[in-house]
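One-letter residues, chain by chain:
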Amino acid sequence: MLALIRYSVPEARADEFTAAAGAILDTLAAQAGYLGGHLGRAADEPGLWALVSEWRGAGFYRRALSAARMDMYPLMTLMINEPTAFEILLSVPEPSGRTEA
């Protein structure tokens, strides 16, 4: 399953946010069922950020949220209130042999 948490971050808090989000990803990565994660920023709207992680299932993600709640608490006011857990219905792997320019 895919977890997507979006944040609205003022430019003045970008460095603080990046450090805090890194701590969240570290905590999530230590949890059972974690498959990978990323922190991203919208190219056309720099105040919009996304913390994305992939999990073996929704139960793993929900348990991991409990473990990460103390790391996540300082950023709660920046979080956009919307669903965060998505079932993956289709995946297309990167073609083998492909190189980036």
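For the structure, check the block above.
The present account deals with the structure reproduced in this document. What you see is a predicted model; the values in this text were computed from it and never measured. (Residues numbered from 1 in each chain as written. Predicted model: local features only at pLDDT ≥ 70, side-chain atom pairs only at ≥ 80, totals over all residues. Heavy atoms only, no water.)

### Remarks on the overall build of the chain
Step number 1: Tallying secondary structure elements over the chain gives two helices and four strands in all.
Step number 2: Here the contacts in the chain between residues at least 6 apart in sequence split such that 68% fall between residues at least 24 apart.
Step number 3: Summing over all exposed atoms, the chain offers an accessible surface of approximately 6,800 Å²; the carbon and sulfur share of this is 56%. (Helix = DSSP H or I, 4+ residues; strand = E, 2+ residues; numbered from the N terminus. Contact = heavy atoms within 4.5 Å. Areas by Shrake-Rupley, 256 points an atom, 1.4 Å probe, with all protein chains shown as cover.)

### Thoughts on the pairing of strand β2 (residues 34-41)
Step number 1: In terms of strand pairing, β2 meets strand β3 (residues 48-55) through seven bridges, oriented antiparallel. Looking at β3, one finds that Arg-41 is bridged to Trp-49.
Step number 2: Once β2 ends, the chain turns through six residues before running back antiparallel as β3. (Pairing = 2+ DSSP bridges.)

### Comments concerning the side chain of Ser-53
Step number 1: Within the secondary structure, Ser-53 sits in strand β3.
Step number 2: Taking relative accessible area as the criterion, Ser-53 reaches 4% and is therefore assigned buried.
Step number 3: In this structure the side chain of Ser-53 is engaged in a polar contact, spanning 2.7 Å, whose partner is the side chain of Trp-55.
Step number 4: Ser-53 has contacts with Met-1, Leu-2, Ala-3, Leu-28, Tyr-34, Gly-36 and Gly-37, leaving out every residue within four places of it along the chain. (Buried < 20%, exposed > 50% of the residue type's maximum accessible area, 1.4 Å probe, protein only. Polar contact = N/O pair within 3.5 Å; in protein donor to acceptor, adjacent residues only side chain to side chain.)

### Digging into the packing of aromatic side chains
Step number 1: If you walk through the whole model with that rule in mind, you get four aromatic pairs.
Step number 2: Between the aromatic rings of Tyr-34 and Trp-55, the centroid separation amounts to 5.2 Å while the plane-to-plane angle is 75 degrees, which identifies the pairing as edge-to-face. You can see Tyr-34 sitting in strand β2 and its partner Trp-55 sitting in strand β3, a full 21 residues away along the chain. Here Tyr-34 matches Trp-55 in class, with each residue buried.
Step number 3: Ring geometry for Trp-55 and Tyr-61: centres 6.1 Å apart, planes at 50 degrees, overall tilted.
Step number 4: Members of the aromatic cluster, joined through ring pairs, are Tyr-7, Phe-17 and Trp-49. (Phe/Tyr/Trp six-rings, centres within 6.5 Å; stacked < 30°, edge-to-face > 60°.)

### Describing the packing of helix α1 (residues 14-29) against helix α2 (residues 58-72)
Step number 1: For the pair α1 and α2, the least separation of the axes is 9 Å and the interaxial angle reads 155 degrees. On the basis of their axis angle, the class for α1 and α2 is roughly antiparallel. The two elements α1 and α2 cross, and the hand of that crossing is right-handed. Of the residues in α2, those touching α1 at Ala-23, Ile-24, Thr-27 and Leu-28 are Ala-64, Ala-67, Ala-68, Asp-71 and Met-72.
Step number 2: Of the residues that constitute the contact of α1 with α2, the class distribution is seven nonpolar, one polar and one charged. (Axes fitted to C-alpha atoms, helices over the stretch in contact; angles between N-to-C directions. Parallel < 35°, antiparallel > 145°, perpendicular 65-115°, else oblique. Left-handed = near helix turned anticlockwise from the far one by under 90°. Nonpolar A, V, L, I, M, F, W, Y, C, P; charged D, E, K, R; others polar.)

### Thoughts on the sheet that holds β2
Step number 1: In spatial order, the strands read β2-β3-β1-β4; together these four strands make up an open sheet with antiparallel pairing. Two strands close off the open sheet at either side, each with one partner strand: β2 and β4 (85-86).
Step number 2: Its contacts with the sheet place α1 against β1 (2-8), β2 and β3, and it is angled at close to 170 degrees to β2.
Step number 3: Along the sheet, α2 makes contact with β1, β3 and β4, crossing β1 at roughly 30 degrees.

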